[in-house]
Amino acid sequence: MRHAALVPLLALLVPAALRAAEPPLRIGVCGPMTGDQGKMGEDILHGAELAVAEWNAKGGVLGRRIEIVAGDDQHEPKQARAVAERMKNERVAGVVGHFNTGCTVPASDVYYEAGIPMITPSATNPQVTERGYENVFRVCGRDDQQAPVAARYTVETAKARRVAVLHDNSAYGKGLADLYKAALEDKAEVVYYGGIVQGDMDYKAVLANVKDKAPDLWFFGGMYPEASKLVKQGRELGLTATFLSGDGTYDPQFLKVAGPAAEGAVLTFGPDFRKLPSAQPFLEGYRKKYGDPGPYSIYAYDAANILLHAIDQAKSLEGPKVAAAIRAREHDGAFGKIDFDAKGDMKKAPYICWRVEKGAFVPLEDGESSSLLPTIQSIPSRKRPVLVEVLV
C-alpha cells in the first residue's frame, strides 16, 4: 500500500526533475570585449546580462535557465567570423551583436547559413540589412539616416561652406563618411577627403593637410579612440573649425581622452533615453549592478529582451520560427516601441545632434535640433540619399 501511494507523488516529481536537468538556453553576446574598443563590448555585454538576469529571476524561458556565451571579436572581421562559427558550434539560440559593422557583416553570413537569429545593437551600415537575410535585425538606426542629419547640421546650423571629411577606413567609418559627403550634395564644398589608420598614435601630418585647406567644419567617420586623438592633435595644430562626427564617437572615453579639446564637438546619436519613462526601470537596474550605462548598453538590453520574448512567443528554439516571431509583433523596449520592417530595420529610428559643453554631451535644444531629424528608409542610388520625414 505504501508503494502504491508513492506512485502519484513520483509521477509529479519526475517531470520537475527532468526540467531541472535540462541544459541551459544559451544566447551569444558578441563584440570587442578587449582592446581599444573593449569598453563598448563590455557595455553591450552588461546590457544583455541585465536582461538575462531579469528573465532568470522570473524562471527563464521555456522552463530553462538562460546563459550568455560571450564572444570577443576584437573588432577584427576575421575574428568575428571565427566567433560566429563558435556560436554556431555552441548551439546558441540567438545572438546579440556584433558591435562593429565590419564584424557584423561577415559574422551574419555564418548566422544566416546556420539559421541563427541575430540582433545587432550598434552596427549602422546599410549593408547589414540590405542582403535579404531574414534572421538579421538591428535596434539602432542606419548610416543613411544619421548622415543626412549631420549634413543638415553642417549646412543649416553651422553654416559651413568648406568641409573636410576624414574616415578610419573601416566599413562603418568610411561608409558613414561617404554617405555624409553624398548628403551634402552641392550645398558645401568638400575641400579635403582622406582616410587614417586605426590605432595610429600620431595624425598630425594628415591634420596639417586638413588645416591647410581652411575648412569651416571637419567631419570624421570612425570610433572614439581615433576621434579623441584627432581632436586633441588638431587643436594643438591650431585647427579651430567645428568637429563633427557620428555615433561611434559618442562615448565618455572621447571626453576623457580629448579633454578640453572636445569642447564644442558635435555628434549624431539617438535621442536622450534618460528622459524616457520606459527607460527608467533599465536605468535603475543597470546602475545598481554596473554604474552608469554606456551609449549602447540600453540597445543591447532591448536586443536581448526582444530575442528572449521571441523565443518565448515561438515556443521554440528553431531559428526561423524565432526570427518570424521577432518580425511579427511590436516590442516594448526600454527605448519605447520597437517594430521591424521587412529588412530587419526599425521602422522608427530618429537621430539628433549632441554638442560637447563643459565636458558633457548635451542634446541640442528642441528649437535647434527639431529640423535635424530626417531619416532615410533606403538608398535608391549610391550617389544621393533620399530624405523622408522622421517619425519620432
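Data block above holds the structure.
Reading the values: rules and limits
- Numbering of residues starts from 1 in each chain and follows the order in which that chain's sequence is written.
- Restriction of local features to residues with pLDDT of at least 70 applies here, the model being predicted, together with a cutoff of 80 or more for giving and counting side-chain atom pairs; totals for whole chains, interfaces and linings are based on all residues.
- The side-chain values count all of the structure's non-hydrogen atoms but skip hydrogen atoms and water molecules.
- Helix and strand assignments follow DSSP, with helices taken as H or I runs no shorter than four residues and strands as E runs no shorter than two, numbered in order from the N terminus.
- Each residue is assigned to one of three classes by its accessible area relative to the maximum for its type, calculated with a 1.4 Å probe on protein chains only: buried under 20%, partly exposed between the two thresholds, exposed over 50%.
- Note on definitions: a residue-residue contact is assigned when non-hydrogen atoms from the two residues lie within 4.5 Å.
- Here the accessible surface of atoms and residues is derived via Shrake-Rupley with a 1.4 Å probe, and residues count as covered only by protein chains that are part of the display.
- For two strands to count as paired, DSSP must find a minimum of two bridges between them.
- Inter-axis angles, ranging from 0 to 180 degrees, are taken between N-to-C directions of lines fitted to C-alpha atoms, where helices are fitted over the stretch in contact.
- By convention a crossover is right-handed if, when the strands point away from the viewer, the path from the first strand over the helix to the second runs clockwise.
- Each Phe, Tyr or Trp ring (for Trp, its six-membered ring) is paired with any other whose centre lies within 6.5 Å, and the angle between the two planes then decides the class: stacked below 30 degrees, edge-to-face above 60, tilted in between.
- What is meant by a nonpolar core is a set of buried Ala, Val, Leu, Ile, Met, Phe, Trp, Tyr and Cys residues, joined one to another through side-chain atoms within 4.5 Å.
- One side-chain nitrogen of Lys or Arg within 4 Å of one carboxyl oxygen of Asp or Glu is enough to make a salt bridge.

Peer 1: How would you sum up the overall build of the chain? Please name residues and give values.
Peer 2: Within the chain one finds 13 helices and 14 strands. By the burial criterion, 54% of the 392 residues in the chain qualify as buried. Residue pairs in contact within the chain that sit at least 24 positions apart in sequence constitute 67% of those at least 6 positions apart. As displayed, the chain has an accessible area near 17100 Å², and 53% of this comes from carbon and sulfur atoms.

Peer 1: Which residues make up the sheet that holds strand E5 (residues 136–138), and what values do they have?
Peer 2: Taken in spatial order, the five strands line up as E2-E1-E3-E4-E5 in an open sheet, and their pairing is parallel. The sheet terminates laterally at strand E2 (66–72) and E5, the two strands that pair on one side only. Pairing geometry for strand E4 (residues 118–120) and E5, over three bridges, is parallel. By the bridge assignment, Ile119 is partnered in E5 with Phe137. Across the face of the sheet, helix H2 (residues 38–57) comes into contact with strand E1 (25–31) and E2 while running at roughly 170 degrees to E2. Of the strands in this sheet, E1, E2 and strand E3 (95–96) are in contact with helix H3 (residues 77–89), which crosses E2 at around 155 degrees.

Peer 1: I'd like a description of the pairing of strand E6 (residues 162–167), backed by residues and values.
Peer 2: When you tally the buried positions in E6, you get five out of six residues, the bulk of the element. Here E6 pairs with strand E7 (residues 189–195) via six bridges, running parallel. Residue pairing across strands places Leu166 opposite Gly194, the latter belonging to E7. Between the parallel pair E6 and E7, the chain is carried across by helix H6 (residues 171–184), and the sense of this crossover is right-handed. With five bridges joining them, E6 and strand E8 (residues 217–221) adopt parallel strand pairing. Opposite His167, over in E8, you have Gly221 as the bridge partner.

Peer 1: Quick rundown of the packing of aromatic side chains? Include the residues and the values.
Peer 2: One pass over the structure, following the stated rule, counts 18 aromatic pairs. Judged by centre distance (4.0 Å) and plane angle (5 degrees), the ring pair of Tyr112 and Tyr133 falls under stacked. With Tyr112 in helix H4 (residues 101–114) and Tyr133 in the loop between E4 and E5, this residue pair connects regions lying 21 residues apart in the sequence. On the accessibility criterion, Tyr133 (17% relative accessible area) is buried.

Peer 1: Can you tell me about the sheet that holds strand E13 (residues 352–357), naming the residues and giving the values?
Peer 2: Pairing is mixed across the open sheet formed by seven strands, whose spatial order is E7-E6-E8-E9-E10-E13-E14. What marks the edges here is a single partner per strand, and that holds for E7 and strand E14 (360–363). Direction aside, neighbouring strands of the sheet carry axes that sit 25 degrees apart on average. Note: strand E10 (residues 266–269) against E13, four bridges, orientation antiparallel. Within the sheet, the bridge partner assigned to Thr268 lies in E13 and is Cys353. Where H6 meets the sheet, it contacts E6, E7, E8 and strand E9 (242–245), and its direction lies at approximately 160 degrees from that of E6. The sheet contacts of helix H7 (residues 204–212) involve E6, E7 and E8, and relative to E6 the element is tilted by about 165 degrees.

Peer 1: Provide a residue-level description of the nonpolar core, including the pertinent values.
Peer 2: Formed by 100 residues in total, the largest nonpolar core has its most connected members in Tyr180, Trp218, Phe243, Phe254, Phe282, Leu308 and Ile326. Of all the elements, helix H11 (residues 297–314) adds the most residues to this core, at 11 residues. Residue contacts for Trp218: discarding those within four places in its chain leaves Ala164, Leu166, Leu207, Val210, Leu230, Val231, Arg235, Leu239, Ala241, Thr242, Phe243 and Leu244. Core analysis: the next-biggest nonpolar cluster, separate from the first, contains 18 residues, Cys30, Val69, Val110 and Ala123 among them.

Peer 1: If you had to explain the pattern of salt bridges to someone new, which residues and values would you point to?
Peer 2: Taken as a whole and assessed by the stated rule, the structure comprises 26 salt bridges. Here Lys39 makes a salt bridge to Asp43, at a shortest N to O gap of 2.6 Å. Note that Lys39 and Asp43 are positioned in helix H2 at a spacing of four residues, about one turn of the helix. Where salt bridges share partners, they join Glu130, Arg138, Arg142, Asp144, Lys343 and Asp345 into one cluster.

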